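Spelled out, the chains give:
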Amino acid sequence: MESIITPQPHRLVSSGSEHPVQSSTPALAGTSDGGSSPPSHHLSTPEEISSFVDQMDTFIFDCDGVLWLGNDTIKGAPEFLHELVAKGKRIIYVTNNSSKSRKTYVGKFKKLGFPAEPDNIFGSAYAAAYYLKNMLNFPADKKVYVVGMQGIVDELAEMGIQAVGAGDDNAPLQETEFENGTLGPDESIGAVLLGFDSQINYRKYAKAFTYLTANKGKVHFLATNEDRTYPISGSIYPGTGSLLAALIHSVNRRPDAVLGKPSQNMMNTILERFHLDPARTCMVGDRLDTDIAFGKLGKLHTLLVMTGVTSVEERDAKKGPVTAEYWIESVGHLRQR
Ligand SMILES: O=C(O)[C@H](O)[C@H](O)COP(=O)(O)O
Ligand SMILES: [Mg+2]
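Here the structure is a predicted model, which means the values were calculated and not measured.

## Some thoughts on the UniProt feature "active site" (unreviewed entry) in the chain
As recorded in UniProt, the sites labelled "active site" (unreviewed entry) are Asp62 and Asp64. Note on placement: Asp62 falls in the loop between strand E2 (58–61) and strand E3 (68–69). On the accessibility criterion, Asp62 (5% relative accessible area) is buried. Those residues in contact with Asp62 that sit more than four places away from it in its chain are Leu67, Val94, Thr95, Lys261, Met283, Val284, Gly285, Asp286 and Asp291. Separated by 2.7 Å, the side chains of Asp62 and Lys261 make a polar contact. Tracing the backbone through its elements, the reader meets Asp64 in the loop between E2 and E3. With a relative accessible area of 10%, Asp64 lands in the buried category. Those residues in contact with Asp64 that sit more than four places away from it in its chain are Asn97, Tyr230, Pro231 and Asp286.

## Remarks on the pairing of strand E11 (residues 229–232)
Each regular strand carries side chains that alternate between the two faces of the sheet. Of the strand pairs in this sheet, E11 and strand E12 (residues 235–238) are connected by 4 bridges, and their pairing is antiparallel. Residue pairing in the sheet places Ile232 in a bridge with Ser235 of E12.

## Structural notes on helix H8 (residues 265–273)
Judged by how many residues are buried, H8 sits mostly within the fold: 8 of 9 residues are covered. Taken together, the buried positions of H8 are Asn265, Met266, Met267, Asn268, Thr269, Ile270, Leu271 and Arg273. Contacts made by the buried residues of H8 are with E2, strand E5 (90–95), strand E6 (121–123), helix H4 (124–135), strand E13 (257–258) and helix H9 (288–297). One or two steps after H8, the chain reaches His275, where phi turns positive at roughly 50°.

## Quick look at the packing of H4 against helix H5 (residues 150–158)
One way to put it is that H4 packs onto H5 with a least axis distance of 8 Å and a crossing angle of 35°. Helix-helix and strand crossings are classified by hand; for H4 and H5 the assignment is right-handed. Facing Ala125, Tyr126, Ala129 and Leu132 of H4, the residues of H5 in contact are Gly151, Ile152, Glu155 and Leu156. Here the contact of H4 with H5 is composed, by residue class, of 6 nonpolar, 1 polar and 1 charged.

## A short note on the coordination of the magnesium ion (ligand 2)
Looking at the metal site, the magnesium ion (ligand 2) is ligated by Asp62 (OD), Asp64 (O) and Asp286 (OD), spaced 2.0 to 2.1 Å from it. Mapping the donors of the magnesium ion (ligand 2) onto the primary sequence gives the spacing D-x1-D-x221-D. Taken as a pair, Asp64 in the loop between E2 and E3 and Asp286 in the loop between strand E14 (281–285) and H9 lie far apart in primary sequence, 222 residues in all. Residue Asp286 is classed as buried on the basis of its relative accessible area, which comes to 3%.

## What to know about the environment of Leu193
Mapped onto the elements of the fold, Leu193 is located in strand E9 (residues 189–194). Along the chain, Leu193 and Ala163 lie 30 residues apart, while their C-alpha atoms are 9.5 Å from each other.

## Topic: the domain arrangement of the chain
One frequently used descriptor of interface size is the decrease in accessible area upon assembly of the parts. Examined at the domain level, the chain breaks down into domain 1 (36–96 + 261–334) and domain 2 (138–257). The C-alpha-based centres of domain 1 and domain 2 are spaced at 30 Å. Contacts between the two partners involve 11 residues from domain 1 and, on the opposite side, 10 residues from domain 2. For the pairing of domain 1 and domain 2, the buried interface totals around 850 Å² over both sides, and the portion due to carbon and sulfur atoms is 50%. Of all residues in domain 1, Leu69, Asn96 and Arg287 bury the most surface against domain 2, accounting for 48% of the area lost on that side. The tally of links from domain 1 across to domain 2 stands at 1 salt bridge. Its salt-bridge partner being Arg287, residue Asp227 comes within 3.2 Å of it at the nearest N-O pair. At the boundary of domain 1 with domain 2, the tally comes to 4 residue pairs in polar contact (both at pLDDT 80 or more). Looking at the side of domain 1 that touches domain 2 residue by residue, the class counts come to 2 nonpolar, 5 polar and 4 charged.

## Focus: the site of ligand 1
In the region of ligand 1, 15 residues are neighbours, and Asp62, Thr95, Asn96, Thr240 and Lys261 sit closest. The fraction of the free accessible surface of ligand 1 (350 Å²) that becomes covered by protein chains is 99%. The element best represented in the shell around ligand 1 is E11, accounting for 3 residues. Of the residues contributing to the shell around ligand 1, the split by class is 3 nonpolar, 7 polar and 5 charged. Counting the residues that make up the shell around ligand 1, at least three belong to each of domain 1 (36–96 + 261–334) and domain 2 (138–257).

Definitions and cut-offs
Residues numbered from 1 in each chain as written. Chains lettered and ligands numbered in written order. Predicted model: local features only at pLDDT ≥ 70, side-chain atom pairs only at ≥ 80, totals over all residues. Heavy atoms only, no water. UniProt positions renumbered as here; feature names shortened; annotations may be inferred. Helix = DSSP H or I, 4+ residues; strand = E, 2+ residues; numbered from the N terminus. Buried < 20%, exposed > 50% of the residue type's maximum accessible area, 1.4 Å probe, protein only. Contact = heavy atoms within 4.5 Å. Polar contact = N/O pair within 3.5 Å; in protein donor to acceptor, adjacent residues only side chain to side chain. Pairing = 2+ DSSP bridges. Axes fitted to C-alpha atoms, helices over the stretch in contact; angles between N-to-C directions. Left-handed = near helix turned anticlockwise from the far one by under 90°. Nonpolar A, V, L, I, M, F, W, Y, C, P; charged D, E, K, R; others polar. Donors = N, O, S within 2.8 Å, 3.2 Å for Na, K, Ca; no water. Domains from an automatic or database assignment. Buried area = accessible area lost by both parts, 1.4 Å probe. Salt bridge = Lys/Arg side-chain N within 4 Å of Asp/Glu carboxyl O. Near = heavy atom within 4 Å. Areas by Shrake-Rupley, 256 points an atom, 1.4 Å probe, with all protein chains shown as cover.

Structural data, given as C-alpha cells:
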C-alpha cells in the first residue's frame, strides 16, 4: 500500500507553549445546555453521502466500535477505507485503546484488511509515553508503575522509559503479601499510569494506591483515557474510565493528565504534523464524549456511527452534552453505491 501520508519529524505535543498539554478537556461551547446544537443530520441518500465524502480531504477514524469490535471487522469498513485511499484522501487513526502499541496495531490493521502504517496511528498509550518523555521530561532513573497492558509498556520502552507492573502483576494477591512488604512504597516510582487492563486486580490497585499516597504527591498520576465502557465482539463491558474511577476514589485525587480523546494533545499534533484544514477534515467515531467531543474541540466535522457504544436515545438526546454534526449506521454505509 503506497503511503498517502508524507512522514514528518514527529512531535506529539510541542515542547513550546503553543500547544500546552491539556490535563482536562475544555467544555464544549454551546452544547452543555443541549438545546443550542442542531440534531445530528442522518446521511441517508447516495447523493448526500457522495457529497459528504467529496468535501473532505482527511478522515480521522476511531477504531473500537467504528472499524471493528474486537477482531470482528465492521462490514464494508476496509472496502470503504480503500476507496478513500484510491480517491487520494488522507486516513488517520486515533484510538483510546492503550492495550497495543502503534507497531502492534499495524499488524491488526493489516490482518483485518485496513490500510495502515505506524505514522498514521495515534494511540493513547503513545500519547501517554510522549507526554512523559517530552512534557514531564521523566527522569531516566525513575520508573512508571503501569496499571495496564503491553501496549503501554512497549510505547514507554520506545521512549526509553522504564515500566514496572502491567503483566508482571497479573498474579492474584496472596493474603501473606499484605504483611511482607510486597505492597510497600518504592522510591524509584516516579509516575503511575493507568490504561485499559483486562487483567486488572487488587495487587495493581494496592500498589498504585501505595505509590500515589506514600510519596506525598511527588508521583505523577496519569491515565490514557476515561471511556466508561468498552465495545468488543458485539457486547459492551466496563471501560478504562470505570477502572480509573476505583483508583481515583481510593486515592481521592484525579489524574494530573488524561492523554487520550477528547483532550486535544493528539489533535494539536495531528493538525500540525499533517497540515490539515479542519474545515476539510472529519472525525468519525462511536462515542460522543470522546470521539465527537475530540472532533468538535478540534473544529472538525464530526460523524457518529451506530456500530459502537452510542444508543439512538443518546444520539438524539436534546440535552446531550455533545451532538455529532452527522450520523450514519456504519462506516460501511458510506461506500459509494
Ligand atoms: O475502555 C477503553 O479504553 C475504550 O473502550 C477503548 O479504548 C476505546 O477505543 P477507541 O474506541 O478509542 O478505539
Ligand atoms: Mg470507539
